[in-house]
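# Chains, contacts and geometry: an overview
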Amino acid sequence: MSATTLPAPFAPTIFSPELAARFDKLVTLYPVRRSALVPMLLYAQDEIGYLSDSAIAEIAQRIGITELDVRNVLSYYSMLRTKPAGKFNVQVCTNISCMLRGGRELLEHCERRLGIGHKQVTPDGVFSLEEVECIGACSWAPAVQVNYDFHDNLTPEAMDAVLESYRAKANE
Amino acid sequence: MPTLVSHPEEVRIVSSRFGQGAAEIDRYLELGGYQSVRKAIDQGPDWIIAQMKASNLRGRGGAGFPTGMKWSFVPKQSAKPKYVLVNGDESEPGTCKDHLIFLHDPHAVIEGTIIAGLAIGAKMGFIYLRGEYRYLLKIMEKAIADAYAKGFLGKGIFGSQFDFEVVSQTGAGAYEVGEESALMESLEGKRGVPRIKPPFPAVVGLYGGPTVINNAETIATVPHIFRIGAEEYAKIGSERNGGTRLFCVSGHAARNGVYELPMGYNLKRLIYEVAGGIRDGRPLKAVVPGGSSTPVLLPNEIDIGLDFDQVGKAGSMLGSGGVVVLDDTVCMVDFALRTIAFYQHESCGWCIPCREGTDWLKKTLTRLHAGAGEMRDIDNVRYLAENMLGRTFCPLGDAAAMPTIAFVKKFRQEFEDHLDGKPCPHARHTVPELAAV
Amino acid sequence: MADVTFTVDGRQLTAPAGTLVIEACRAAGIEIPAFCYYPGLSLQAACRMCLVRIEKMPKLQTACTTPVGEGMVIATETDEIKQARKSMLELLLANHPLDCPVCDAGGECELQDMTFKYGAGGSKFTDIKNHRDEQQWSPVVFFDRPRCILCYRCVRVCNEGMDVAALGIQFRNSGAVIAPNDITSLDCEQCGMCIDLCPVGALTSDTYRYKTRPWELTHVGTICTHCGDGCKTTLGARREENGMQIVRGDNRDKSGMNGDFLCVKGRYAFDFANNPERLTQPLVRQPDGKLAPARWEDAIALVARRFREIREERGGAAMGVIGSTRITNEEAYLLQKFARGPLQTANIDHHRTTDYPGFVKALGGETAHFGSIADALTAPAILLVGGDPTEEHPLLAWNLRTNFRHNGSRIYIANHRAIKLEHQAKATLRISYGGYADLVRSLAASDDASLPAETAHFRDALRAEQNLLIVFGAELRGDAIAPLIQFGLSLPAAKFACLGDFANSRGAMDMGLHPAFTPGYQAVSTVGLSLPQMMDAAGRNELAALYVVGDDPVGRLGLAPESLRNTFLVVQDMFLTATAQVADVVLPSASLYEKSGTVTNTYGDLQPVKKAADTTGVRSDLELIIRIADQMGEDIRALVPFGRGERGDMGQSRGVQSGEADRHAVWLAAHNLEPKLSPFDPDALLDEIQRLVPGYDVDRFALMAGEPQPVRVAAGSNFPVSTGSESIQPANDTLFTSGTLGQYSEKLTEVNRFQAEKTLVAAG
Ligand SMILES: Cc1cc2nc3c(=O)[nH]c(=O)nc-3n(C[C@H](O)[C@H](O)[C@H](O)COP(=O)(O)O)c2cc1C
Ligand code: SF4
Ligand code: FES
């Protein structure tokens, strides 16, 4: 489908008006509507916390593809999820450069601190923990991403401070 | 913010604007930005491509393909629109240089993209960042918006008759999407599975149109070539390897960081002089010279120049410039398992040898690692890797197989030491599983 | 394209430029193994089984994606390649459950065969295999994930072949898995193509699952009994207490004109034959008014006696015969012969679903313009007027899609509703339900300025076509057909096809089950009663006897049962249909899968049917007609030309019968055919059909070899003004229904309910 034969902007939406407007624009940026799919999934997840069935249905409709198509794509990408994560998703890299600089110890430290394991969520829903592959911060290892923010050159103590700052944010 | 390092041995070209606030367009202009593209507009496509060829610039994405030659493969006439695609998927473990480029010098990427577009006759460029680089996407998006506001993008760029659009976007977590055709699939909203080649992207690429795809560093280098002059740029590097590149030193070096050095710079000197040697003065055990997919080098193999040809001759690859330094505390079985676990996780699952091969490599290595292996497991690891090599659909399979073969070949004794119930001290660590289940 | 010359394993070969190495090698008898390569579907290069060495290339290359080149030197059997193949198999088997002993595909499994051929019998791997539990995706489709080798054939056939896209791939790495569109179930056409193409036993069907081993079955290729497309289906049958029972239908050998295609009906809806309600004993109405089982001899004797009495007392005009759209040509031919001969009646008809006589009449003797189903696969342009092939003619839809995919054919659709094939259409014209006649008139008419622009465009595009296949549905009948034919004949080259609904609808008509025509559309001098007229006559107590062979007019037309109270009603059927319930005698008959003969699909492709199964206690319609005639004291040799032709008088007398017999003997000799020794041999009747029915004199040898033969019927002289199109009643079947028969297929009924629920859910 070419950008010129768009259906009218999608009316009923489960997304915020800002995001819906963004989606309306996003699909026009590319030579094909479908190119907006991966970013849309990510933005939808950012807003809702995960990709719910209704989010999938709406995105499928916005792009003009089947829900199956959407699921095929979303399940491919490791940042996309169909179940909620914590408000702050702590992603600890344990790939080689981080591993050499204590990434795994950092992960264990987080597990102990948060009392959860890989892909688990704290009972209060504030944190989730994930062991991830290289996040492109190798020279500043060990590195952690909390949601989209990077934290480099960490030690267990520095990690505690990072976690504390997010907990404080959660309590705001 | 990632710390910047510096060393007197560095030749700062691509990194010359790092830490200078060049993400702001006015600052970028002050620092001489957007001059090269004006020159390119004046001189035209043939000149651009000739200069690119003369620069001896080779792709910084990993394979080191001569950039000028790549651009020249794009047919002049095409029924379908042509595109420039910037590969900022940077996911090879050990590599974090594009990260700095997007952070400190986004306009260099835009400028390079426009020049590539002028060279091949494209009217649209895409800058694709890995999903984890969301904060960098914001910087990129702002830079693009500023460039539009100044008339550097859009209709009649820089007052010329050329139109050029740039769109940036991110992936969502997938190493394989860094492979050029998988990247195109991803950008078309599909699973990151590579395409059958031929046809190559220069002929049939994004949306079926002829496409030039280059690594972000390659593209960011382009404006500098036109600033310095192609011959001058070529001279900085070694034979057939023009210019400088960003080396990401990580692991057990004393001063990890991203250093810009001339192509052909000695690896040993990089580690011992530029990066300050091994932390705590420990002995060096091994070096992974170009990102996790490149075969490991022993300490006696590192007195080589860092360019595509010399590292190749030493039995490894220059790859993506990720120099991972390992001291004597590292268990190589542990390291090998972590490397394979990554490739297993990132295999797109399309072809049998990679999908099943990485899975069984990981399983076997996990057991070896846990001290439950048998001698034949070590042979099996090598057998598996050798039977994947060169037979997979895309080079990810090779990227998993090549280092594995080197680990077993060069450190077999360490694998054998893990037999008979002698697990690695790290054996209790699990490895990531696939998301979104 | 020009040919190129290349070398494979030292042999010099030529093939058209662009041919894939794998195809070029296969054509030369050099087998290159492959899982993911599947002719006609998009290329994958995923299984890496087809790796070959091509000189001057650094790595092994996939034969499935590399086109042959001039001077190419290819090696396919070196040690390096053998090792590559072996290692791929080792990897596949490493994670395979190896439950071959219970797997449906055991013995018919490409993975087994390849392992047998290329080694990898031993395993190097000892770690735990990845497991996922089996899933049932629909009433017919099961998925056993661990057996899946991810060749993507199922996904492609569903997307590309079926245009349904109900299957996808989810997750990645070794977690990659084939997934259905409704999360845990399939919302689709339930065609089972995915099962058929699966090279292993990952996709299996409920009808066959864990039932038997393939080598315990007898496999018989015959023609599907459901719609008018006439797909070949290979039925696997197994001996049971009550006969040979069909447990599987597929077309994996691709031997039929449908290639590997079968729809849900062809693949699963054979189970009507095993329905517990199947009649297996004759029933005769007792003085108490109830039907009770009777001995065959008694039932047939009763029918014969009453037919003879009624014929003698009230004459043939008080008798009627209704035939079927699912009996063989031989049976239909014999039935009309029996009606017009022994019963002396012209009242003969069947459930007509489209206007073949109108079509033949409009063609007016032009026999070179009949399209076949094969044309739908190759015609550069197709005009579809009315009908909905996806629902009613699945093979036609498949061929049109394939043609579009492979050849970029131009499909023009004029319809009163949205149909799925519009996805592939170059142009679609929406007209009103009553607008078909107007449309075709405007196509044929010289330029008409008042035509709406859209229609004019549509017409102009059609007029520019050189080779047009015109397919029309039952929406066009009677005089409305002629303008379309006229339009087509004005093009440089056009072919036509008329869509009718059942397996032998066309044959029934061609064989003269019609009050106005004898076989081959030869007009009769006295036109008999049509089916509705017979039913009316019965209601007026004017029809003394009615012989219904394989139809259910009472149920279908919703007639009051009392309307047949004063008619001696004989019904031959598989089930106690509404008509059978009011019959005086019910004779249990065999299904199309339980007998031999020929059928003609709606496009006029004549194909042999072969007996694949049997049910104890039933008899073929052919046998029953003959036995009744015999009991009536008729000369069977006059009905069925069997025996040695000794009645022939070498032309010395001019009696019709003796002359015919003589001509028959001469014809048999000229066609290298033996005289038939039994009156129950349908080939004896086929001999006569071929000899006497215009258009049916096809190549017998090719027919018996399984090649569909085009019949080219032509309108005889004195074609009546009316073709009786007013009594046409389209079946309006969907993909998941099949006339009366479909109601007795439990699987089809279950699938129908399953899909209906999905539609309801989707509609909220
Ligand atoms: C598995 C795989 C992953 C890759 N990942 C990246 C990447 O993250 N960034 C990149 O620039 N190139 C990557 N490449 C290389 C690209 O395919 C391509 O060669 C490169 O973008 C071309 O740019 P260049 O010529 O400027 O190097 C990858 C290749 C493979 C096979
Ligand atoms: S080698 Fe095969 S499975 Fe691996 S990433 Fe490439 S295509 Fe996918
Ligand atoms: S290895 Fe952790 S960021 Fe690269």
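Predicted model only: the values in this text are computed from it and were never measured.

## Quick look at the side chain of S238(B)
Residue and element names in this part refer to chain B. If you trace the backbone, S238 turns up in the loop between α10 (230-236) and β5 (244-251). Classification of S238 by relative accessible area gives buried; the value is 18%. A polar side-chain atom of S238 sits 2.5 Å from a polar atom in the side chain of D307. Excluding residues within four positions of it along the chain, S238 makes contact with M263, G264, D307 and Q310.

## Regarding helix α8 (residues 180-187) of chain B
All names here are of chain B. Most of α8 is tucked away, with seven of its eight residues classed as buried. Within α8, burial applies to S181, A182, L183, M184, E185, S186 and L187. Just past α8, the residue G189 takes up positive phi, approximately 80°.

## Regarding the domain arrangement of chain A
Split by domain assignment, chain A resolves into domain 1 (17-74) and domain 2 (88-171). Distance between the C-alpha centres of domain 1 of chain A and domain 2 of chain A: 28 Å.

## Observations concerning the domain arrangement of chain B
Residues and elements named next belong to chain B. Taken domain by domain, chain B comprises domain 1 (25-236), domain 2 (244-327) and domain 3 (332-435). Computed over C-alpha atoms, the centres of domain 1 and domain 3 are 35 Å apart. Taken together, the 13 residues of domain 1 in the interface contact 10 residues of domain 3. Roughly 840 Å² is buried in total at the junction of domain 1 and domain 3, and carbon and sulfur atoms are behind 74% of that figure. Broken down residue by residue, the surface that domain 1 buries against domain 3 is led by Y175, E176 and V193, which jointly contribute 53%. At the junction of domain 1 and domain 3, the tally comes to zero salt bridges.

## Examining the interface of chain C and chain A
Listed as interface residues are 12 residues of chain C and, on the opposing side, seven residues of chain A. When chain C packs against chain A, close to 770 Å² is buried across both sides, 56% of that on carbon and sulfur atoms. For the pair chain C and chain A, the interface holds zero salt bridges. Inspection of the region where chain C meets chain A yields three residue pairs in polar contact (both at pLDDT 80 or more). For the side of chain C that touches chain A, the elements supplying multiple residues, two or more each, are β8 (167-170) and β9 (177-180) of chain C.

## Digging into the interface of chain B and chain A
Each side of the interface is counted separately: chain B has 76 residues, and chain A has 52 residues. When chain B packs against chain A, the two sides together hide about 5100 Å² of surface, and 56% of this comes from carbon and sulfur. At the junction of chain B with chain A, the criterion picks out three salt bridges. Between E133(A) and R338(B) there is a salt bridge, with its nearest N and O atoms 2.9 Å apart. The interface formed by chain B and chain A contains 26 residue pairs in polar contact (both at pLDDT 80 or more). Broken down by element, the residue count for the side of chain B that touches chain A peaks at eight residues, all from helix α13 (residues 332-346) of chain B. In the side of chain B that touches chain A, the residues fall into 36 nonpolar, 25 polar and 15 charged.

## Some thoughts on the sheet that holds strand β2 (residues 120-121) of chain A
All names here are of chain A. Overall, mixed pairing links the five strands, which are arranged β2-β3-β1-β4-β5 in an open sheet. Lying at the two open borders of the sheet, with one neighbouring strand each, are β2 and β5 (149-151). In this sheet, strand β3 (residues 127-132) lies alongside strand β1 (residues 88-93) in parallel orientation, the contact comprising six bridges. Directly across from F88, in β3, lies its bridge partner F127. Contacts from helix α6 (residues 103-114) reach β1, β3 and β4 (144-146), with the element oriented near 150° to β1. Those strands touched by helix α7 (residues 156-171) are β1, β3, β4 and β5, and its axis lies near 165° from that of β1.

## Remarks on the packing of helix α6 (residues 106-120) of chain B against helix α9 (residues 216-228) of chain B
All names here are of chain B. Where α6 meets α9, the axes come as close as 7 Å, and the angle between the chain directions of the two elements is 75°. By the angle between their directions, the pair α6 and α9 is classed as roughly perpendicular. Residues A108, V109, E111, G112, T113, I115 and A116 of α6 form the contact with α9, whose own contacting residues are I219, A220, V222, P223 and F226.

## Side note on the site of ligand 1
Residue and element names in this part refer to chain B. Among the 20 residues in the neighbourhood of ligand 1, the closest are listed as G61, K70, N214, N215 and T218. One of the backbone N or O atoms of R60 is found 3.3 Å from an oxygen atom in ligand 1. Separating an oxygen atom of ligand 1 from a backbone N or O atom of E180 is a distance of 3.0 Å. For ligand 1, the accessible surface in isolation is 600 Å², of which the surrounding protein chains cover 90%. Per-element tally for the shell around ligand 1: the top contributor is strand β4 (residues 211-215), with three residues. Residues belonging to the shell around ligand 1 are distributed by class as follows: four nonpolar, nine polar and seven charged.

## Brief notes about the packing of aromatic side chains
Overall, the coordinates contain 35 aromatic pairs over all chains when judged by the stated rule. Summarising the aromatic geometry, the rings of Y34(B) and F152(B) are spaced 4.6 Å apart at their centres and angled 55° between planes, so their arrangement reads as tilted. With Y34(B) in the loop between α1 (25-30) and α2 (36-43) and F152(B) in the loop between α7 (134-149) and β3 (165-170), this residue pair connects regions lying 118 residues apart in the sequence. Neither Y34(B) nor F152(B) differs from the other in exposure class; each is buried. Taking 4.1 Å as the distance between ring centres and 10° as the angle between the ring planes, the aromatic pair formed by W350(B) and Y152(C) counts as stacked. Of this pair, W350(B) sits in the loop between α13 and α14 (352-369) while Y152(C) sits in the loop between β7 (141-143) and α4 (153-161), on two different chains. The residues W350(B) and Y152(C) share a single accessibility class, namely buried. Three or more aromatic residues link up through ring pairs in this structure, and these residues are Y30(A), Y83(B), F126(B) and Y207(B).

Reading the values: the criteria
- Residues numbered from 1 in each chain as written.
- Chains lettered and ligands numbered in written order.
- Predicted model: local features only at pLDDT ≥ 70, side-chain atom pairs only at ≥ 80, totals over all residues.
- Heavy atoms only, no water.
- Helix = DSSP H or I, 4+ residues; strand = E, 2+ residues; numbered from the N terminus.
- Buried < 20%, exposed > 50% of the residue type's maximum accessible area, 1.4 Å probe, protein only.
- Polar contact = N/O pair within 3.5 Å; in protein donor to acceptor, adjacent residues only side chain to side chain.
- Contact = heavy atoms within 4.5 Å.
- Domains from an automatic or database assignment.
- Buried area = accessible area lost by both parts, 1.4 Å probe.
- Salt bridge = Lys/Arg side-chain N within 4 Å of Asp/Glu carboxyl O.
- Nonpolar A, V, L, I, M, F, W, Y, C, P; charged D, E, K, R; others polar.
- Pairing = 2+ DSSP bridges.
- Axes fitted to C-alpha atoms, helices over the stretch in contact; angles between N-to-C directions.
- Parallel < 35°, antiparallel > 145°, perpendicular 65-115°, else oblique.
- Near = heavy atom within 4 Å.
- Areas by Shrake-Rupley, 256 points an atom, 1.4 Å probe, with all protein chains shown as cover.
- Phe/Tyr/Trp six-rings, centres within 6.5 Å; stacked < 30°, edge-to-face > 60°.

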